[in-house]
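Observations on chain architecture
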Amino acid sequence: MQRALGVIFTAALAVVSVFTGFAQAAGYPERPVRLVVPFAPGGASDFVARIIQDKLGAELRQQIVIDNRTGASGYIGVEIAAESTPDGYTALLGNIGTMSINASVFPKFKVKPIDAFIGITQVVDVPGMVVVHPSLPVKSIKELIDYAKAQPGKLNFSASGAGSNSRLAFELFQQQAGIKIVMVPYKGGASGASLAVAQGEVPLTMLTSSSLLPYIRQDRMRLLAVVAPERLSVAPDVPTMKEVGFPDLVVGSWQGVYVPKGTPRAVVDRLFKAVVTTMKDGEVIRKLGTASAAAIVSNSPADFHKFWVSEHNRWSKVVKDVGAVAH
């Protein structure tokens, strides 16, 4: 009898929980929604957040407040979002580094994204670029390799963090090219790493197009190659890394929207619909296109989760292969 009552009580709690979730979603959102961006203003994540901010706010009929929380290769912002109340009023704009790479590079980080978040949908994919400061006497990837071989260990490249996919892609490039270039990590994500090259502090980098194009257009950087499946419309004469002999380097820097684990399903569905509608807006697509960023959405939160897990597994292997684990 006691056991039967326990089962009934548990079932009743489950029913109450479901109805509570629907009740929370019925009026959601009733106040501004915070979007945590785990990098500084000016980088690829901030670029995307500010493009979708107004349209997403219009879809939700509430203000979207961007909260830049920098540090520890994006981990600080991720932790803040993970520990927030799971009610849909705090979301995270996570990227390939913070959500699929950092857990392998920094095993001591206590927040494991796959355990701490629900993925709403992918929103963009941003191609990468290999650039050098104009003072470096190279005009192609071949010339860069020859120059690096002539001066082993003397060149530096800036990185947006030890857990960034651009850093890992650059490590793969070095392994395959047989060269050694020293990483210099910068705080604040891609904005700090790109500015370092533009100012001549570091001679080269591999970062996202949204971070580099403004400097390239000002002739403060020289573009050698793009890290993408195909050439970019903004630089049609510049080859891909695949074209110059590195077929593994076709990766992009995807980004997606996440909420803390425990967020009601009805709220997740509401956010999914609003974000997908936002990413299909013509003006949002146009603005993203100025940096060759492509708007890409998932078919459902479940499909996004499958993609996310596959990316986590893929990059865990890369981290192991290049020895990028931080101890």
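Below you will find a few notes about this structure. Since the structure is predicted, the reported quantities are computational estimates derived from the model, not experimental observations.

Criteria and cut-off values
Residues numbered from 1 in each chain as written. Predicted model: local features only at pLDDT ≥ 70, side-chain atom pairs only at ≥ 80, totals over all residues. Heavy atoms only, no water. Helix = DSSP H or I, 4+ residues; strand = E, 2+ residues; numbered from the N terminus. Rg over C-alpha atoms; globule rule 2.2 N^0.38 Å. Buried < 20%, exposed > 50% of the residue type's maximum accessible area, 1.4 Å probe, protein only. Contact = heavy atoms within 4.5 Å. Areas by Shrake-Rupley, 256 points an atom, 1.4 Å probe, with all protein chains shown as cover. Lys, Arg positive; Asp, Glu negative; His and termini not counted. Charge placed at Lys NZ, Arg CZ, Asp CG, Glu CD. 1 Å grid on protein atoms, 1.4 Å probe; cavity = no way out; pocket = protein on both sides within 12 Å on 5 of 7 lines; lining within 4 Å. Points joined across faces, edges and corners; volume = space filled by probe spheres on them. Nonpolar A, V, L, I, M, F, W, Y, C, P; charged D, E, K, R; others polar. Phe/Tyr/Trp six-rings, centres within 6.5 Å; stacked < 30°, edge-to-face > 60°. Lys NZ or Arg CZ within 6 Å of the ring centre and 35° of its normal. Salt bridge = Lys/Arg side-chain N within 4 Å of Asp/Glu carboxyl O. Expected span 1.5 Å × (residues − 1). Pairing = 2+ DSSP bridges. Arc of directions from axis to C-beta.

Further remarks concern the overall build of the chain. Helix and strand counts for the chain stand at twelve helices and ten strands. Taking 2.2 N^0.38 as the reference for a compact globule, 327 residues should give roughly 20 Å; the C-alpha atoms of the chain span a radius of gyration of 21 Å, in line with that estimate. In terms of its C-alpha atoms, the chain occupies a principal-axis envelope of roughly 80 × 45 × 30 Å. Within the chain, buried positions represent 54% of all 327 residues. Long-range pairs, those at least 24 residues apart, make up 78% of the contacts in the chain between residues at least 6 apart in sequence. Carbon together with sulfur atoms contributes 56% to the accessible area of the chain, which is approximately 14,500 Å² in total. Computed over 33 positive and 25 negative side-chain charges, the separation of the two mean positions in the chain equals 3 Å.

What follows concerns the layout of surface pockets. In this model, the largest pocket occupies a volume close to 200 Å³. What lines the largest pocket is a set of 16 residues, and nearest its centre among them are Asp125, Pro229, Val250, Val251 and Gly252. Looking at the lining of the largest pocket, the elements that each hand over two or more residues are strand E4 (117-132), strand E9 (252-260) and helix H12 (301-322). Looking at which element gives the most residues to the lining of the largest pocket, the answer is H12, with three residues. Here the lining of the largest pocket is built from residues that sort into eleven nonpolar, two polar and three charged.

One pass over the full model with this rule turns up twelve aromatic pairs. With a centroid separation of 4.6 Å and an interplanar angle of 20°, the aromatic rings of phenylalanine 106 and phenylalanine 109 are classed as stacked. Among the residues examined, phenylalanine 106 registers a relative accessible area of 14% and is labelled buried. Among the aromatic residues, ring-to-ring pairing joins Phe117, Trp254, Tyr258, Phe304, Phe307 and Trp308 into one connected group. Over the ring of tyrosine 89 we find arginine 31; its NZ or CZ atom is 3.6 Å from the centre of that ring.

Attention now moves to the side chain of asparagine 165. Mapped onto the fold, asparagine 165 is located in helix H7 (residues 165-177). With relative accessibility at 8%, the residue asparagine 165 sits in the buried group. Setting aside chain neighbours within four positions, we find asparagine 165 in contact with Ile96, Ile101, Val251, Gly252, Ser253 and Trp315.

Turning our attention to the pattern of salt bridges. A complete count under the given rule lists 15 salt bridges for this structure. Residues aspartate 67 and arginine 34 are paired through a salt bridge, measuring 3.1 Å at the closest nitrogen-oxygen approach. Of this pair, aspartate 67 sits in strand E2 (residues 64-68) while arginine 34 sits in strand E1 (residues 33-37); the two residues are 33 residues apart in sequence, bridging distant segments of the chain. Across the salt bridge formed by arginine 167 and glutamate 171, the nearest N and O atoms sit 3.1 Å from each other. Of this pair, arginine 167 and glutamate 171 are both found in helix H7, four residues apart, which corresponds to roughly one turn of the helix. For arginine 167, a relative accessible area of 10% puts it in the buried group. Here the residues in one salt-bridge network are Arg34, Asp67 and Arg69, joined through shared partners.

Right, let's get into helix H10 (residues 265-279). A rise of 1.5 Å per residue sets the reference length of H10, with its 15 residues, at 21 Å; its end C-alpha atoms lie 21 Å apart and thus fit the reference within 8%. Turning to H10, its buried residues number three or more, namely Ala266, Val267, Val268, Leu271, Phe272, Ala274, Val275, Val276, Thr278 and Met279.

Counting buried residues along strand E7 (residues 204-208), five of its five residues qualify, which places the element largely inside the surrounding structure. One ladder, built from five bridges, connects E4 with E7; its direction is antiparallel. Residue pairing for E7: valine 131 is matched across the bridge by threonine 205.

Before going further, it helps to spend a moment on helix H6 (residues 141-150). Residues spaced three or four apart along an α-helix point in a common direction, a consequence of the helix completing one turn every 3.6 residues. Turning to H6, its buried residues number three or more, namely Ile141, Leu144, Ile145 and Ala148. Along H6, the residues classed as buried sweep out an arc of 100° about the axis, all on the same side. Turned more than 90 degrees away from the buried face of H6 sit Lys142 and Ala150, all of them exposed. Lining the buried residues of H6 we find E4, H7, E7 and strand E8 (222-227).

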